[in-house]
Amino acid sequence: MPRPRSIPDRQVYAAIRLLAAQLGEKAVTFGSVARASGLAAPSLAQRYGSRDRMLRAALLDGWDVLDAALERADASKSGSAGFLKALAPDERALGADLTVLMGGLRDAELRNRAAQWRDRVITALARRVAKSGRPDRAAASVLFAAWQGRVLWSATGKPGFRLKPLAATLKKT
């Protein structure tokens, strides 16, 4: 079967992040991405110029994907636990993606994207755990940290705790 002549960047980026999550960042090469995406390795080299630029583009796209998910989740009027569930319906997949994305924090732009995303999630949570109508960033930060731990550790098995009772406790304190 002939190789496809063109595959959208977003599809290539998803393949790159999946490879990095499954096999590690060093496994991302033009050859491995070619096998995973169906594009020819020379086409990838021509499109991205270098392996590092290809990987960086995939990581930036990963933050774009998370930003879009955040916009959709924040548009819902759900409480904090519902918001986090909408943000990450598949916690294992998000955990794998975050592990890969956090590997790019040596790059200032990627580090900035991570910090902006974290701040936007905390801001959305703060509105949801508001006390007396005032957003509670401290409680939101604790909930965010607990959720991130749950997401990252979900790859090892069951998450271990439910977010809804924690969110309710934080809202009361």
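Structure's up top.
An account of the accompanying structure is given in this report. (Residues numbered from 1 in each chain as written. Predicted model: local features only at pLDDT ≥ 70, side-chain atom pairs only at ≥ 80, totals over all residues. Heavy atoms only, no water.)

## Quick notes on the packing of helix α6 (residues 91-102) against helix α8 (residues 137-153)
- Where α6 contacts α8, the axes come no closer than 7 Å and their chain directions differ by 95°. In terms of axis orientation, α6 runs roughly perpendicular to α8. Of the residues in α8, those touching α6 at Glu 91, Leu 94, Gly 95, Leu 98 and Thr 99 are Trp 147, Gln 148, Arg 150, Val 151 and Leu 152. (Axes fitted to C-alpha atoms, helices over the stretch in contact; angles between N-to-C directions. Helix = DSSP H or I, 4+ residues; strand = E, 2+ residues; numbered from the N terminus. Parallel < 35°, antiparallel > 145°, perpendicular 65-115°, else oblique. Contact = heavy atoms within 4.5 Å.)

## Some details on α6
- The terminal C-alpha atoms of α6, which comprises 12 residues, lie 16 Å apart, in line with the 16 Å expected from a rise of 1.5 Å per residue.
- Residues of α6 that are buried: Glu 91, Leu 94, Gly 95, Asp 97, Leu 98, Val 100 and Leu 101.
- Two or three places before Ala 93, at the opening of α6, Asp 90 has a side-chain oxygen 3.1 Å from that residue's backbone nitrogen. (Expected span 1.5 Å × (residues − 1). Buried < 20%, exposed > 50% of the residue type's maximum accessible area, 1.4 Å probe, protein only. Polar contact = N/O pair within 3.5 Å; in protein donor to acceptor, adjacent residues only side chain to side chain.)

## A word on the nonpolar core
- Core analysis: the largest hydrophobic core is formed by 50 residues, its most contacted members being Leu 87, Trp 117, Val 121 and Trp 147.
- Residue contributions to this core peak at 11 residues, all from helix α4 (residues 51-75).
- Setting aside its immediate chain neighbours within four residues, Trp 117 contacts Trp 63, Leu 66, Asp 67, Leu 70, Leu 87, Leu 98, Phe 144, Trp 147 and Gln 148. (Core = buried A, V, L, I, M, F, W, Y, C linked by side-chain atoms within 4.5 Å.)

## Here's the deal with the side chain of Asp 61
- For Asp 61, the position within the fold is in helix α4.
- Every residue in contact with Asp 61, bar those within four places of it in the chain, is listed here: Arg 10, Tyr 13 and Arg 17.

## Looking at the layout of surface pockets
- What the largest pocket holds in volume is close to 200 Å³.
- Lining the largest pocket are Ala 81, Leu 84, Lys 85, Ala 88, Pro 89, Glu 91, Trp 147, Arg 150, Arg 162, Leu 163 and Lys 164.
- Listing elements by their share of the lining of the largest pocket, those giving two or more residues are α5 (80-87), α8 and α9 (163-172).
- The leading source of residues in the lining of the largest pocket is α5, at 3 residues.
- For the lining of the largest pocket, the class distribution of residues is 6 nonpolar, no polar and 5 charged. (1 Å grid on protein atoms, 1.4 Å probe; cavity = no way out; pocket = protein on both sides within 12 Å on 5 of 7 lines; lining within 4 Å. Points joined across faces, edges and corners; volume = space filled by probe spheres on them. Nonpolar A, V, L, I, M, F, W, Y, C, P; charged D, E, K, R; others polar.)

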